Amino acid sequence: QVQLVESGGGWVQPGGSLNISCAASGIIFNIYTMGWFRQAPGKQRELVAAITSGRSTNYADSVKGRFTISRDNAKNTVYLRMNSLKPEDTAVYYCGADHPRLQGGYDYWGQGTQVTVSS
């Protein structure tokens, strides 16, 4: 069975930092593009960051310079380091896995981890 399990979410004050991770199983992890998405109540789910098998990265404009995505293929894990957090970063953060030769969106999703930024 394919599973993506996020962890590391929680509460942090504005300006603070938080690291979240997503551990994958049941896929050939190293060939997949991995992405972090987020969704706040009443808002559209948006791509936050993605990293390819070749470690090329893309970031949403709203997080550029503040967030860093990385992956450890030996651990089948993708990470998101979030710095200088803002209240508008509050959302459920989901990881997804996208096979490079299959179109139609991301193929697998995790259940999400809550990130809350408030004072």
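Residues numbered from 1 in each chain as written. Predicted model: local features only at pLDDT ≥ 70, side-chain atom pairs only at ≥ 80, totals over all residues. Heavy atoms only, no water.

On to the overall build of the protein chain, then. Of regular secondary structure, the protein chain possesses zero helices and 11 strands. Counting helices and strands in the order they occur from the N terminus, the protein chain gives β-β-β-β-β-β-β-β-β-β-β. Here the protein chain has a C-alpha radius of gyration of 14 Å; the compact-globule value for 119 residues is 14 Å, and the two agree. By its C-alpha atoms, the protein chain is 40 × 25 × 25 Å across when sized along the principal axes. Looking at the protein chain as a whole, 40% of its 119 residues qualify as buried. (Helix = DSSP H or I, 4+ residues; strand = E, 2+ residues; numbered from the N terminus. Rg over C-alpha atoms; globule rule 2.2 N^0.38 Å. Buried < 20%, exposed > 50% of the residue type's maximum accessible area, 1.4 Å probe, protein only.)

What follows deals with the state of the cysteines. If you walk through the whole model with that rule in mind, you get one disulfide. Between cysteine 22 and cysteine 95 runs a disulfide, and the two sulfur atoms are separated by 1.9 Å. Disulfide cysteine 22-cysteine 95: torsion about the S-S bond near 45°, hence right-handed. Note that cysteine 22 is positioned in strand S3 (residues 18-25) and cysteine 95 in strand S9 (residues 91-98), a separation of 73 residues in sequence. Across the pair, cysteine 95 and cysteine 22 agree in class, each one buried. (Disulfide = S-S within 2.5 Å.)

Let us now look at the sheet that holds strand S8 (residues 77-82). Ordered by their spatial adjacency, four strands build an open sheet running S1-S3-S8-S7, and the pairing between neighbours is antiparallel. Only two strands of the sheet have a single partner each, and these edge strands are strand S1 (3-7) and strand S7 (67-72). The average undirected angle you get between the axes of adjacent strands in this sheet is 15°. Taken together, the five bridges between S1 and S3 define a ladder with antiparallel strand orientation. Bridging across to S3, glutamate 6 finds its partner in cysteine 22. (Pairing = 2+ DSSP bridges. Axes fitted to C-alpha atoms, helices over the stretch in contact; angles between N-to-C directions.)

What follows is about the pattern of salt bridges. In this structure the tally under the stated criterion is four salt bridges. Where lysine 64 meets aspartate 61, a salt bridge forms, and the shortest distance between an N and an O atom there is 3.1 Å. Like lysine 64, the residue aspartate 61 is exposed in the burial classification. Taken together, the shared-partner salt bridges in this structure form one network comprising Arg38, Glu46, Arg66 and Asp89. (Salt bridge = Lys/Arg side-chain N within 4 Å of Asp/Glu carboxyl O.)

Taken by themselves, the reported measurements are silent on function.
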